[in-house]
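Chain by chain, the residues run as shown.
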Amino acid sequence: MKVACFADLHLTDNFNTVKLPVLRWALAEAKAREVDCLALLGDLTATGTVLQTEKVLLEIAAAGIPFYSTCGNAEYRTDESGKTAAAFDLPPSEECGIFMMDSAFSTPKDADLAALAALPDNAGKLLLTHVPPVQWSTEAQEILVRAQQRRAVTFILAGHTHIDSDVTLRGLDPDKAAGNPPGFEIITGTPEGAWKRESVTMPMVDPAQWSEEEKAHLRGLFGISAMYEHETAVREAIRLNIPHLELRYDPGFPAVLPELISQWRTNGGRTLSMHLTNLNADDCPRLADSVAAAIAFKCDRVTLHVPQVTAADFAEKREKLLENFDRFLKVLLDNNITIGIENLHTRDGERTFETRNFGCNISECRQWISLLRERYQTERIGFHLDIGHARNNAPLSATGNLSDYYCEMGSLINGWHFHQVEQQSGGKFKNHRELTGFFTKLISLGGFLLAHRTGQLADAPIFMEVTTPGGSINSYKTFMELLK
């Protein structure tokens, strides 16, 4: 028996992202490899809407391969009653070599645990589920151990973690699959009654397989944000011939900085950006100072957060925000300086419409940019996508995946902030950590690479924005090595 195992696609309601092509590739590849059946291990949808559920199941049914399924936790995000999740409850027959368990809520259901305990000795089942056993209750783990000791179960595979291990697979989501590009697993029964595992990886997502011309083009987009190490960072930018450089406004800029910037320009520096202070509906003296500095340094562009106002208050304060944009920022356009509007992210205790900042989702960012473009009749105002902000953005990140940002905002993008998000002790997430590769946790750049190759993204400078000492430079060096 040959089983193709799919997990963790997280398809949103937007079917124009790169996620649907990943699913179609996986289905075509499974069919070409003549698998006997497909097994869906959960989280094929992002939030379990009817639209997502119907689309995933329609695509899979159209492949003409028999399939079995269990749901994941994501399938309950829209309807906690489980009506749409139930569409993924498609267990194999008792005679089949596969045993599927519903672990959408971490520990499997009592009925599934009872069925596991009742499996005959030496049944040699392939156990497939969403949440890996290490996250089950102690009692559930003990039932599984006994089933393994009896050889009722001889192989286990789960999803949920987005990374490969002895019992997990990284899955199909190009924004989350860690360790390698998105892929699936083929589990094949052997004549001896064991199971053999084979990983199938989506080709040409990894730049290691790209042409030299493609890699050179991508190398040319990377740069650094100096953050709080201006003199050191600019000297390194000169030494390493880094083409794109972002300063972060500081009233105490080193006196030597203008001379260093001039050297960087002479050395081939192409894009000088400055991260400005925030626009709000009150007086903005620091913003005026940062704008003056951007003009004095002859910046090519600036990065500016969406306005500092709650999402609930934006409509009431919109006109005042536009007046302040006129007052403090229009001078940048008069000096032919491009403006990139950067998305923000939710914070602990500030995740509702009433408490979170405006501009934590795609529609609000587009709304503000459209207002400004119409007001000034210019395309010099665009979107600056911070991928860490988009990823560390619960609960909005469930419906606005990175791939959704690439698809819906790609043509508006005129700058990027790249950094990793790390989960700290206690479960909190920390932004602006070093990026150490293309396929890392929690941010995998598979979706970016696919969107870049398929023309969804406008070329724009990518600034490594890392707060740890030397972090931006380290991340830049890492990516230059990876793109050799």
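Placed above this text is the structure.
Reading the values: the criteria
Residues numbered from 1 in each chain as written. Predicted model: local features only at pLDDT ≥ 70, side-chain atom pairs only at ≥ 80, totals over all residues. Heavy atoms only, no water. 1 Å grid on protein atoms, 1.4 Å probe; cavity = no way out; pocket = protein on both sides within 12 Å on 5 of 7 lines; lining within 4 Å. Points joined across faces, edges and corners; volume = space filled by probe spheres on them. Helix = DSSP H or I, 4+ residues; strand = E, 2+ residues; numbered from the N terminus. Nonpolar A, V, L, I, M, F, W, Y, C, P; charged D, E, K, R; others polar. Buried < 20%, exposed > 50% of the residue type's maximum accessible area, 1.4 Å probe, protein only. Pairing = 2+ DSSP bridges. Right-handed = clockwise from strand over helix to strand, strands pointing away. Axes fitted to C-alpha atoms, helices over the stretch in contact; angles between N-to-C directions. Contact = heavy atoms within 4.5 Å. Phe/Tyr/Trp six-rings, centres within 6.5 Å; stacked < 30°, edge-to-face > 60°. Expected span 1.5 Å × (residues − 1). Arc of directions from axis to C-beta. Disulfide = S-S within 2.5 Å. Parallel < 35°, antiparallel > 145°, perpendicular 65-115°, else oblique. Left-handed = near helix turned anticlockwise from the far one by under 90°.

**Student:** I keep staring at the layout of surface pockets and nothing clicks. Help me out?
**Tutor:** To find the voids left in a structure, one rolls a probe of water-molecule size over its atoms. Roughly 700 Å³ of internal volume is contained in the largest pocket. In terms of lining, the largest pocket is formed by 29 residues, of which the most central are Arg391, Asn392, Asn393, Ala394 and Phe429. Counting only elements with at least two residues in the lining of the largest pocket, the list comes to strand S16 (420-423) and strand S17 (429-433). The greatest single-element share of the lining of the largest pocket, amounting to five residues, is contributed by S17. Grouping the constituent residues of the lining of the largest pocket by class yields six nonpolar, 13 polar and ten charged. Considering only enclosed or pocket space, the second largest pocket measures out at about 470 Å³ in volume. Around the second largest pocket, the lining is made up of 25 residues, and of these Pro91, Pro92, Phe99, Met100 and Asp112 lie nearest the centre. Ranked by residues supplied to the lining of the second largest pocket, first place goes to strand S4 (residues 98-101) with four residues. For the lining of the second largest pocket, the per-class residue count stands at 15 nonpolar, four polar and six charged.

**Student:** Is there a simple way to think about unusual backbone geometry in this case?
**Tutor:** Most peptide bonds take the trans form, and the phi angle of most residues other than glycine is negative. Following Ala394, the chain continues into Pro395 via a peptide bond in cis, with omega recorded as 0 degrees. Within the secondary structure, Pro395 is located in the loop between helix H12 (387-391) and helix H13 (402-409). Backbone torsion omega between Lys441 and Leu442 reads 5 degrees, so that peptide bond is classified as cis. Residue position: Leu442 is located in the loop between S17 and helix H14 (446-453). With a phi angle near 75 degrees, His160 is a residue other than glycine that sits in the positive phi range. Structurally, His160 is set in the loop between strand S6 (153-158) and strand S7 (183-189). Judged by relative accessible area, which is 22%, His160 ranks as partly exposed.

**Student:** Just to check I follow, could you spell out the pairing of strand S14 (residues 381-386) for this structure?
**Tutor:** Successive side chains on a regular strand alternate, one facing one side of the sheet and the next facing the other. Along S14, six of the six residues are buried, which leaves the element largely enclosed by surrounding structure. Across four bridges, strand S13 (residues 338-342) lies against S14 in parallel orientation. Note on S14: the bridge partner recorded for Gly340 is Gly382. Each parallel crossover has a hand, and for S13 linked through helix H11 (residues 362-376) to S14 it is right-handed. Both S14 and strand S15 (residues 413-418) contribute to a ladder of four bridges, which runs parallel. Across the sheet, Phe383 pairs through a bridge with Ile413, a residue of S15.

**Student:** It is not clear to me how empty space enclosed by the protein should be interpreted in this structure. Could you clarify?
**Tutor:** By the definition in use, this model includes two cavities of 30 Å³ or more. Taken as a whole, the largest cavity encloses approximately 60 Å³ of empty space. Every residue along the wall of the largest cavity is listed here: Asp175, Lys176, Ala390, Arg391, Ser397, Gly400, Asn401 and Leu402. Taken together, the residues of the lining of the largest cavity sort by class into two nonpolar, three polar and three charged. In terms of lining residues, the second largest cavity is bounded by Leu221, Trp416, Phe448, His452, Leu457, Ala458, Asp459 and Ala460. Split into classes, the residues belonging to the lining of the second largest cavity amount to six nonpolar, one polar and one charged.

**Student:** Just checking my understanding: could you explain the sheet that holds S14 for this structure?
**Tutor:** Hydrogen bonding along the main chain pairs the strands of a sheet, whether they run parallel or antiparallel. Taken in spatial order, the eight strands line up as S9-S10-S11-S12-S13-S14-S15-S18 and close into a barrel, and their pairing is parallel. Ignoring which end each strand starts from, the neighbouring axes of this sheet average 25 degrees apart. Summarising the sheet, strand S10 (residues 244-248) and strand S11 (residues 271-275) pair through five bridges and their orientation is parallel. Of the residues in S11, the one forming a bridge with Leu247 is Met274. Here H13 sits on the sheet and contacts S14 and S15; the angle it forms with S14, its principal contact strand, is near 165 degrees.

**Student:** Help me understand the packing of aromatic side chains, please; the structure alone is not making it clear to me.
**Tutor:** Here the distance between the centres and the angle between the planes together describe a pair of aromatic rings. For the structure shown, the criterion picks out 19 aromatic pairs. Grouped by ring-pair contacts, the aromatic residues Phe222, Tyr406, Trp416, Phe418, Phe438, Phe439, Phe448 and Phe479 constitute a single cluster.

**Student:** What's the story with the pairing of S17 in this structure? I'm lost.
**Tutor:** Pairing geometry for S16 and S17, over three bridges, is antiparallel. Note on S17: the bridge partner recorded for Gln423 is Phe429. Hairpin connection, S16 to S17: the antiparallel pair is bridged by five residues, and Gly426 has positive phi, about 90 degrees.

**Student:** Any chance you could explain helix H8 (residues 285-296) here in plain terms?
**Tutor:** Think of an α-helix as turning once every 3.6 residues; residues three or four places apart then point the same way. In this model H8 runs 17 Å from its N-terminal to its C-terminal C-alpha over twelve residues, within 8% of the 16 Å that 1.5 Å per residue would give. Within H8, the full set of buried residues consists of Leu287, Ser290, Val291, Ala293 and Ala294. Summarising the axial view, the buried residues of H8 lie within an arc of 160 degrees, below the 170-degree limit, and thus occupy one face. What points out from H8, more than 90 degrees from its buried face, is the exposed set Pro285 and Ala296.

**Student:** Explanation requested: the state of the cysteines in the structure shown.
**Tutor:** Where two cysteines share a covalent bond between their sulfur atoms, that bond is called a disulfide. For the coordinates displayed, the defined rule picks out zero disulfides. Not engaged in a disulfide, the cysteine Cys365 finds its nearest cysteine sulfur in Cys360; these two sulfurs lie 7.8 Å apart. Here Cys407 is not disulfide-linked; the sulfur of Cys365 is the nearest cysteine sulfur, at 15 Å.

**Student:** Explain the environment of Pro469 to me, please; I cannot follow it from the model alone.
**Tutor:** Among the secondary structure elements, Pro469 is positioned in the loop between strand S18 (462-464) and helix H15 (471-482). Separated by 388 residues in sequence, Pro469 and Ser81 place their C-alpha atoms 48 Å apart.

**Student:** Teacher, can you tell me more about the packing of helix H3 (residues 110-117) against helix H4 (residues 138-149) here?
**Tutor:** Packed helices, taken two at a time, are described by the angle their axes make and the gap between the axes. Running from amino to carboxyl end, H3 crosses H4 at an angle of 25 degrees, the nearest separation of the two axes being 9 Å. Relative to H4, H3 is oriented roughly parallel. Considering the relative orientation of H3 and H4, their crossing is left-handed. Facing Leu113, Leu116 and Ala117 of H3, the residues of H4 in contact are Ala140, Ile143, Leu144 and Ala147.

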